[in-house]
Amino acid sequence: MYLPNRASSSAKTLSKIALFGVCVIGTLACVDDVDPYSPSEPFPRSLHSLAPPVIEGETRIAAGDSEVEIDVQPLEFNHSIHAGVQAIDGTTGLDMDCQYCHSGARRSPAAGVPPTQVCWNCHNSIDPAGREALTTLEEYCEPLAGTTACQSETPIPWRRVHDLPDFVTFNHSMHVRANNPGVEVPEGEVDQRVQCQECHGEMQEQTVAHRESNLLMGWCLDCHESHESINENYGTEAELRRAELKDCYTCHK
Amino acid sequence: MTKMNRRDFFKVVGASSAAGLVACDPTVPAENIFPYVVPPDELVPGTPMFYSSICDSCSVSCGTVVRTREGRAVNVQGNPDNPSSTGSLCASGQASLQDTYDPDRAQGPKDGGVDTDWASVISKISAAISNNPSGVRWLGRYRTGSLNKLIGQFMDATGGSSVHWEPHGYTSIVEASKIAFGNAVAPRYDIATAKTIVSFGAQFLTNWLAPLHHSNGWGEARGMENGPIAEFYAIESRLSHSSARADTWYSTTPGTEVDVAMALAKLVADKKHTTGALATYVSGVDAEANAAAAGISLDKLNNLADKLASGTSVIFPGGVANGGGNRTDLALATLVLNGICGNIGTTVHPGATSLGQVDSYSSVASVLDSAKNGGVSVLFIDGLDPAFNLPGAANFSESAAGAEMVVVLDNSMPEGMPDNAILLPPGSWIESWGDSTNRSDFMGLQQPAMRKLYDTNSVGDVVLAIAKAANLTTTPLVAEDPEADGDPNANGTDESGEVAVVSGVDLNGTKAIADFTATDYQHYVAGRWYDEAYLPSGTSESFGDWWNNALVRGGVAVAASPVATDFNPSTTPVSAGVTVDGTALMLFPHSHLGDGRHANKAWLQEVPDPMSGYSWGTWAEISVARAEELDVDESNTVTISNANGEITVGVRVSKGMRDDAVAVVVGNGHTSGNRYSAGYGANPANLIDLNTDSRTGDIVWLGTSVTVSKGADDNPLTNLKGNEDQDGRPVARVSYSEDVMNNPHGETGSLATGIIIPKDPRIEAAGLEYDMYPEPEHPTYRFGLAIDLDKCTGCGACEVACLSENNIPSVGPEQARNNRYMGWIRLDRFWEGEGENPDVRFIPVMCQHCSHAPCEGVCPVMATYHNMDGLNAMIYNRCVGTRYCANNCPYSARRFNYHTFRWPESYNLMLNPEVSTREMGVIEKCTFCIQRIRDVKATWSAAGHEVVADSALQRLPACAETCGAGGMVFGNLKDPESRISKLAASPRAYQLFDILNTKPGVRYLSKVTFHEPVDPHHGGGHGGGHGDSHGEEHADDHGGDDHGSTGAH
């Protein structure tokens, strides 16, 4: 603790008292604790938050961070080859639909990431050619000899790029439904539907996925308030729908 | 001392504060997201999967539906397709999730306390069997269906013998049925159409026989869909939990209930001019003498007999607490009475259930004897804790130690077992295959809803493995070949692969199924079902398709074989008033813990007992006069002792107790088990004299005498019941039955008025609104919950369902004593009456979701507000913990997290991912299960509907879904066609604390009383409440028969 060179003796005394006070309060705060991490404690409880302890060297993110780079993925999956048009090996990119891999997006509240088997369904016939990502993929899959079936019991431990706090519930399928896939956009009209890219950024141009939105509540409410698709999908009921979308209980659980 | 300048002072203070803030880190670690490697076909991550199964918590085996998320069971509810539960589930069933995730359960087999592997322990056991096969004994709990058959085959093959025993079993009613009808089978009671219900002490709404099925029937009997409201009479010495709902209670000298039953039988037979064997049977009964012996006036019995003679009724026998040496006689007398009333075949169906097909204690005693004398090579103990349940004189430990090998099939070692006993954990029913044939008209199918958590094997798998290792053989069920074409399938097509795989049918000649060659227990069950359900059904479906259908629905209906119901008694019932020197000790099973087997589940220990309000311990009930005599109240303990032992337990002073008895709850006092069962309370079984009754050979629980004295310590128990008396306030209201039945649509106005504050006429005259604030706008929905207090049995299943669904922590007895019980719904109980009209009123209270909520306006940060669907929304991350809202709530519905409560390892696996877990410093409360509302809205809008239909809303919240009596109905109050709107318009409907004008979304329907309120002009609540609590003093003046204290008490 910094003290100016000319600190008087009473400043020292006061600082000692202050330190002592902090320690006393700290101890008192712990008195009613039972060790929440003791494996035999029947009613574990603590006076501290649920946040997990800080571990040195671990990737950490903060709410409100935009442009979060999660650069420690277990293997370097390149979105632009698969979902975009980045050329590789003389062929153009695959330009696949997001939902080919992220099939949960339309069916479930959780979009998820594709199972290893989905990757291997194509990659079983692709020569790794020294690309580390592909050899790592094969290791994660452990294909049964002579088949394309994955035998591994270890899933690929992806780091989560788009993460919401635990007290928020997010239903992906409802957002994809706002996409209204069955509706044809008439010629010449602007597509008002919710595109994946609106929230996830131009993922088809990214290599390793990173987050381009800050995922804060205000950012979500911007669309819940004023996205064009609400009028499109709800017509006369749009005002009511906007009120529903801004209700706290819609997202907070 | 030198002066310090201001700058230095602030530097010092600032630095020390900063030191405290450094620990806060606003970042969190980046999370992982794990996909599957190979996804299961049917599972979409993020959406739940539901599996039908059968609960194993007690012997009833109700149908359940297990909700799983990503392969992990998170919630258990009733199965609407199963006739035992019809979509509801009791408290023990809800808590069976905690069996699966028990943090202390054995994770693999143990030999003498040392971890071992299945192969070695099975070979060790089979070697011991091969050595002396006829010395094998099986001492287990009641088993049904395939497991019962398998154990039977196994024991036959060894030449040993098996005993199935339940500590508080139903041997007396089975024996009574044998005496009366020649069939040793228990009856099934269908009470929905009864107009009069009489119980001689059976806890039919709590934990006796098939409580959930009885609750289903109770709800219908008290509703008016089937005609007039059923009236409930309880005739027993102590007012037990089920009998608390009685409209009238006649207290009898213990043991004389049989006299009353026979007297009623005679009176009804006379009124109905009964002829035949039944009439002859009761012809010699002197009703007046019997009534006098029991201490009830003949007039009252005549009144009751009139009612029994004039409509459908159902009469229940006695329970555990009042089961003396003549309990079989009581059961026989009630069967006779049922017969005379014409109930056999309408409300009482003898033989329609296999419950009660157990042995009595005398069989247990002979097993223990041969063990003690060295005649037992292997003693299997299946799902029982005999040292806990049996009186000390049974010497269980000593006997068990005499067996050469003791094999315990349980998830933790019960008490009193020898040190070298082998423990084979079966896991829980959520991880097991099995079936149930408890109902004669339905076969229930149990399938695993998740993979086994640990290295466990179900009892069926263990028996098969041992039989194989010991080279035992048995007669298989040979599949009939209906078309004699060599193909076991009835439809002619060869689905051989399917059939062979699923049922174990060997198509190369011998079609042997359901014997020890079955691959595993799943195949054994499938083989039995093939023979006993598939083939008799005559369906043209393939077995594979039929089996899958049965799995989805949780079972199949089967044709019940008729049971003889000709009354042909071989003996007459004996009256035997239990005379005990001193104080009679009555034991009763805990409403939630049963005979003690559920003490290892934190939820069931935590939820207060509905009658006493106590949790986490044992208490003794004494009467008001006795308490005065001993100079104790509920802050004291009493010491109960006799030659067998002594216990000191907390006191409950009860208006339902007799002066000459003390009642102690059975359930706690374990010395073994897990962290939630061991060390709480005291076990009263040790005080019981070991006596058996002459008819069944089972232990007589009532008949021991004790002395009671004031204990030295203070009462250690946590009491969460609050005030027993409403003090005249119209919280739980009653309406008079005549008014209700004559004015079903409220023609004469409300029948549940409370305190009426007259509206000032000047307000209306000035053209002003009575309310200060306009009612909030609810454009589409205004959700509400209607709770019918007349149907509520006080079982507490709603409390446990809420704990399960909403990630509510168990806080333990110390924190509960500091009023930190976290349950969002509580069951208040008021005992408004005296004597024959106990007028016990149960009222579940949760957040009322008020339109004019007192809590919303006082939140400084708007963490709680009124949402557009009528819910009072609580947003945890906004809450700063001022607790002003909890202070302002008149219903005390809000709970504050004084700590961050956590879950021990493996209990954390049962958390519902749809609901947050809360941190220290935030308020929480009932949300009407917003996660379920959100889900049903999403599902319905995805299907293209604008609003959710009422049928999907009626049982949506967890509490409404699990209520056995169907007393809770959820729905949209804005929809005039919804069931809740119709209930809210009922003349019995009222709002809690309506004088506060909070406009709650929860509507209560008053309880119905068959006793005319003292002030009939006040019509209902206030008059009733006020009258009942003060009426006793004036009863004699008014000459009120019902309120007066006549000889009985």
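Residues numbered from 1 in each chain as written. Chains lettered and ligands numbered in written order. Predicted model: local features only at pLDDT ≥ 70, side-chain atom pairs only at ≥ 80, totals over all residues. Heavy atoms only, no water.

Participant: So what exactly am I meant to see when it comes to the overall build of chain A here?
Facilitator: Helix and strand content of chain A: 11 helices and 3 strands. Secondary structure elements of chain A, listed N to C terminal, follow the sequence α-β-β-α-α-α-α-α-β-α-α-α-α-α. Here chain A holds 253 residues, and the buried ones make up 33% of them. Within chain A, residue pairs in contact and separated by at least 24 positions form 52% of the contacts whose partners lie at least 6 positions apart. Within the structure as shown, chain A displays about 15200 Å² of accessible surface, and the carbon and sulfur contribution to it stands at 56%. (Helix = DSSP H or I, 4+ residues; strand = E, 2+ residues; numbered from the N terminus. Buried < 20%, exposed > 50% of the residue type's maximum accessible area, 1.4 Å probe, protein only. Contact = heavy atoms within 4.5 Å. Areas by Shrake-Rupley, 256 points an atom, 1.4 Å probe, with all protein chains shown as cover.)

Participant: Looking at this model, I keep getting lost on the side chain of B:Asn715. Mind explaining?
Facilitator: Residue and element names in this part refer to chain B. Considering the arrangement of structural elements, one finds Asn-715 in the loop between β30 (704-714) and β31 (718-719). Looking at Asn-715, the relative accessible area reads 13%, which means it is buried. A polar atom in the side chain of Asn-715 sits 2.9 Å from the backbone oxygen of Glu-634. Setting aside residues no more than four positions away along its own chain, Asn-715 makes contact with Tyr-614, Glu-634, Ser-635, Asn-636, Thr-637, Gly-650 and Val-651. (Polar contact = N/O pair within 3.5 Å; in protein donor to acceptor, adjacent residues only side chain to side chain.)

Participant: Looking at this structure, I do not really get the state of the cysteines. What am I missing?
Facilitator: Two cysteines, two sulfur atoms, one covalent bond between them: this is a disulfide. In total, this model carries 1 disulfide over all chains according to the counting rule given. Residue pairing for A:Cys141: its cysteine sulfur links by disulfide to A:Cys150, the two sulfurs lying 2.3 Å apart. Note on the A:Cys141 and A:Cys150 pair: the S-S dihedral is about -100°, so by sign convention the disulfide is left-handed. A:Cys150 matches A:Cys141 in its accessibility class, with the two residues each being buried. B:Cys62 takes part in no disulfide bond, and the closest cysteine sulfur to it belongs to B:Cys58, at a distance of 6.2 Å. We classify B:Cys62 as buried; its relative accessible area is 9%. Not part of a disulfide, B:Cys855 finds its nearest cysteine sulfur in B:Cys889, a span of 6.2 Å. (Disulfide = S-S within 2.5 Å.)

Participant: Before we go on, may I ask you to explain the sheet that holds strand β29 (residues 661-666) of chain B in this structure?
Facilitator: Residues and elements named next belong to chain B. Reading around the circumference, β24-β29-β26-β28-β27-β30 is the order of the 6 strands in this closed barrel, with mixed pairing throughout. On average, each strand axis in the sheet is tilted by 45° relative to the strand beside it, whichever way the strands run. In terms of strand pairing, strand β24 (residues 583-589) meets β30 through 3 bridges, oriented antiparallel. Paired with Leu-585 across the bridge in β30 is Thr-704. (Pairing = 2+ DSSP bridges. Axes fitted to C-alpha atoms, helices over the stretch in contact; angles between N-to-C directions.)

Participant: Explain the environment of B:Met910 to me, please; I cannot follow it from the model alone.
Facilitator: Residues and elements named next belong to chain B. Structurally, Met-910 is set in the loop between β39 (900-901) and β40 (923-924). Residue Met-910 is classed as buried on the basis of its relative accessible area of 2%. In this structure the C-alpha to C-alpha distance between Met-910 and Asn-75, which are 835 residues apart in sequence, comes to 7.6 Å. Setting aside anything within four residues of it in sequence, one finds Met-910 in contact with Arg-72, Ala-73, Val-74, Leu-97, Gln-98, Tyr-101 and Trp-603.

Participant: Would you mind showing me how to read helix α7 (residues 211-222) of chain B here?
Facilitator: It helps to recall that an α-helix has 3.6 residues per turn; residues three or four apart then point in one direction. All names here are of chain B. Over its 12 residues, α7 extends 16 Å from the first C-alpha to the last, a length consistent with the 16 Å expected when each residue adds 1.5 Å. In terms of burial, α7 is largely enclosed, as 11 of its 12 residues are buried. Considered for burial, the residues of α7 that qualify are Pro-211, Leu-212, His-213, His-214, Ser-215, Asn-216, Gly-217, Trp-218, Gly-219, Ala-221 and Arg-222. Packed against the buried residues of α7 are β10 (187-189), β11 (196-199), β12 (231-235), β14 (313-316), β19 (434-439) and β44 (1007-1009). (Expected span 1.5 Å × (residues − 1).)

Participant: Whenever I open this one, the pattern of salt bridges confuses me. Can you help?
Facilitator: Close approach of charged atoms allows side chains with opposite charge to pair. All names here are of chain B. Under the counting rule described, the total for this entry stands at 53 salt bridges over all chains. In this structure, the salt-bridge partner of Asp-115 is Lys-110, at a minimum N-O distance of 3.1 Å. Note on Lys-110: relative accessible area 25%, which makes it partly exposed. For Lys-721, the salt bridge is made with Glu-724, and the minimal N-O distance between the two is 3.9 Å. (Salt bridge = Lys/Arg side-chain N within 4 Å of Asp/Glu carboxyl O.)

Participant: Where do I start with the interface of chain B and chain A in this structure?
Facilitator: By a frequent convention, interface size equals the accessible area lost on bringing the separate parts together. The partner chain A presents 71 residues to the 71 residues of chain B that form the contact. Note on chain B versus chain A: buried area summed over both sides is about 6000 Å², and carbon and sulfur give 61% of it. For chain B, the biggest contributors to the area lost against chain A are B:Ile33, B:Val37 and B:Arg902; these three give 13% of the whole. Counting across the interface, chain B meets chain A through 0 salt bridges. (Buried area = accessible area lost by both parts, 1.4 Å probe.)

Participant: Hey, could you run me through the packing of aromatic side chains in this one?
Facilitator: We describe a pair of aromatic rings using the distance from one ring centre to the other and the angle between the two ring planes. Residue and element names in this part refer to chain B. If you walk through the whole model with that rule in mind, you get 32 aromatic pairs over all chains. The interplanar angle of 80° and the centroid separation of 4.8 Å between the aromatic rings of Phe-896 and Tyr-898 together place this pair among those described as edge-to-face. Of the residues examined, Phe-896 reaches a relative accessible area of 11% and is grouped as buried. Exposure remark for Tyr-898: the relative accessible area of 30% places this residue in the partly exposed category. Among the aromatic side chains, those forming a connected cluster through ring pairs are Tyr-170, Tyr-189, Phe-204, Trp-208, Trp-218, Phe-232 and Phe-316. The lysine or arginine in question, Arg-238, covers the ring of Phe-588, its NZ or CZ lying 3.9 Å from the ring centre. Here Arg-820 stacks its cationic end above the ring of Tyr-898, 4.0 Å away from the centre of that ring. (Phe/Tyr/Trp six-rings, centres within 6.5 Å; stacked < 30°, edge-to-face > 60°. Lys NZ or Arg CZ within 6 Å of the ring centre and 35° of its normal.)

Participant: Just checking my understanding: could you explain helix α18 (residues 521-537) of chain B for this structure?
Facilitator: Residue and element names in this part refer to chain B. Over its 17 residues, α18 extends 23 Å from the first C-alpha to the last, a length consistent with the 24 Å expected when each residue adds 1.5 Å. At Tyr-530, α18 shows its maximal kink, close to 40°. Along α18, 13 of the 17 residues are buried, which leaves the element largely enclosed by surrounding structure. Sitting at the head of α18, Asp-520 places a side-chain oxygen 3.1 Å from the backbone nitrogen of Gln-522. (Bend = angle between axes of the 7 residues up to and from the residue.)

Participant: Even after reading the chapter, I still don't get the confidence of the model for chain A, so can you show me in this structure?
Facilitator: A low pLDDT means the predicted coordinates there should not be read in detail. Residue and element names in this part refer to chain A. Confidence along chain A averages 78 in pLDDT terms, with 73% of residues attaining 70 or more. Low confidence marks residues 1-8, where pLDDT is under 50. Its contacts with residues over four positions away, or in another chain, come to 9 contacts. Contacts from residues 26-30, a stretch scored under 50 in pLDDT, to residues over four places away or in other chains number 1 contact. (pLDDT = per-residue confidence, 0-100.)

Participant: Sorry, what's going on with empty space enclosed by the protein here?
Facilitator: Residues and elements named next belong to chain B. Overall, the coordinates contain 17 cavities of 30 Å³ or more when judged by the stated rule. Along the wall of the second largest cavity there are 46 residues; nearest its centre are Thr-206, Asn-207, Trp-208, Pro-211 and Ser-591. Looking at the lining of the second largest cavity, the element that brings in the most residues is α7, giving 3 residues. Grouping the constituent residues of the lining of the second largest cavity by class yields 23 nonpolar, 19 polar and 4 charged. (1 Å grid on protein atoms, 1.4 Å probe; cavity = no way out; pocket = protein on both sides within 12 Å on 5 of 7 lines; lining within 4 Å. Points joined across faces, edges and corners; volume = space filled by probe spheres on them. Nonpolar A, V, L, I, M, F, W, Y, C, P; charged D, E, K, R; others polar.)

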